[in-house]
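Examination of the molecular architecture
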Amino acid sequence: MRCPVCGKEMEQGFMQGNQRVAWVKSKHKVSILPRKGEVLLENKAFNSFLFAAWICKSCQKILVDYSDKNYQEG
Ligand SMILES: [Zn+2]
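Computed from a predicted model, the values in this text were never measured in an experiment. Residue positions are given per chain, counted from 1 along the sequence in the order it is written. Note on the predicted model: pLDDT of at least 70 is required for a residue's local features to be given, and 80 or more for side-chain atom pairs to be given and counted; whole-chain, interface and lining totals, by contrast, use all residues.

**Quick look at the overall build of the chain**
Secondary structure follows DSSP: runs of H or I at least 4 residues long count as helices, runs of E at least 2 residues long count as strands, and numbering of each begins at the N terminus. Broken down by element type, the chain carries 0 helices and 4 strands. Taken from the N to the C terminus, the helices and strands of the chain come in the order β-β-β-β. By principal-axis analysis of the C-alpha atoms, the chain measures approximately 35 × 25 × 20 Å. Taking all 74 residues of the chain together, 9% fall into the buried category. Exposed residues have 12 or fewer other C-beta atoms within 10 Å of their own C-beta, buried residues have 20 or more, and residues in between are partly exposed; the C-beta atoms are placed from the backbone.

Written out as C-alpha cells, the structure is:
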C-alpha cells in the first residue's frame, strides 16, 4: 500500500485499542448509536479491537481498513 500523501511504501500492521471506535464529524462522546453521517466501527465495551492498518512513518499517517468490520452507519 502506498501512502496517499507522500507516495512511499507503507508498513502493514494493526491498530489496536479498547472499547468503542467511531469516525465522527465533530468531537463528542461515542455512544452506541452513531449520529447522522457517522460510522461506528467497533463496539467492544469489554474487549480490545483490532484493525488492519498501514503506517507511513515519514508523514505520520495511518490508513485503516474497516472492510471486514460489522460497522454501523448513522
Ligand atoms: Zn507518507
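**What to know about the pairing of strand β2 (residues 39–56)**
For a regular strand, the rule is simple: side chains alternate between the two faces of the sheet. Being paired, for any two strands, means DSSP has found at least two bridges between them. In this structure, strand β1 (residues 11–23) lies alongside β2, joined through 13 bridges in antiparallel fashion. Across the sheet, residue W23 finds its bridge partner in β2, namely V39. Bridge analysis of β2 against strand β4 (residues 72–73) gives 2 bridges, and the strand direction is antiparallel. Bridged to V39 within β4 is E73.

**Some details on the environment of G13**
Inspection of the secondary structure assignment puts G13 in strand β1. Between the C-alpha atoms of G13 and E42, which are 29 residues apart in sequence, the distance is 18 Å. Placing a C-beta atom from the backbone of each residue, one calls two residues in contact when those atoms lie within 7 Å. In contact with G13, other than residues within four places in its own chain, are A53 and I55.

**Here we look at the confidence of the model for the chain**
A residue's pLDDT is simply how confident the predictor is in it, with values from 0 to 100. Mean pLDDT over the chain: 93, with 100% of residues reaching 70 or higher. Ranking the elements of the chain by mean pLDDT puts β2 last, at 90, and strand β3 (residues 61–65) first, at 96.

**Quick word on the environment of L50**
Considering the arrangement of structural elements, one finds L50 in strand β2. In the structure, L50 is positioned 32 residues away from N18 in sequence and 8.8 Å away in space, judged by C-alpha atoms.

**Focus on unusual backbone geometry**
Not every positive phi belongs to a glycine, and Q19 is a case in point at roughly 65°. By secondary structure assignment, the location of Q19 is in strand β1. The phi torsion at Q60 lies on the positive side, around 55°, for a residue other than glycine. Tracing the chain through its elements places Q60 in the loop between β2 and β3.

**So, the environment of I32**
Structurally, I32 can be placed in the loop between β1 and β2. C-beta crowding within 10 Å serves as the criterion here: with 9 such atoms nearby, I32 is assigned to the exposed category. When the C-alpha atoms of I32 and R20 are compared, they prove to be 8.4 Å apart, with 12 residues separating the residues in sequence.

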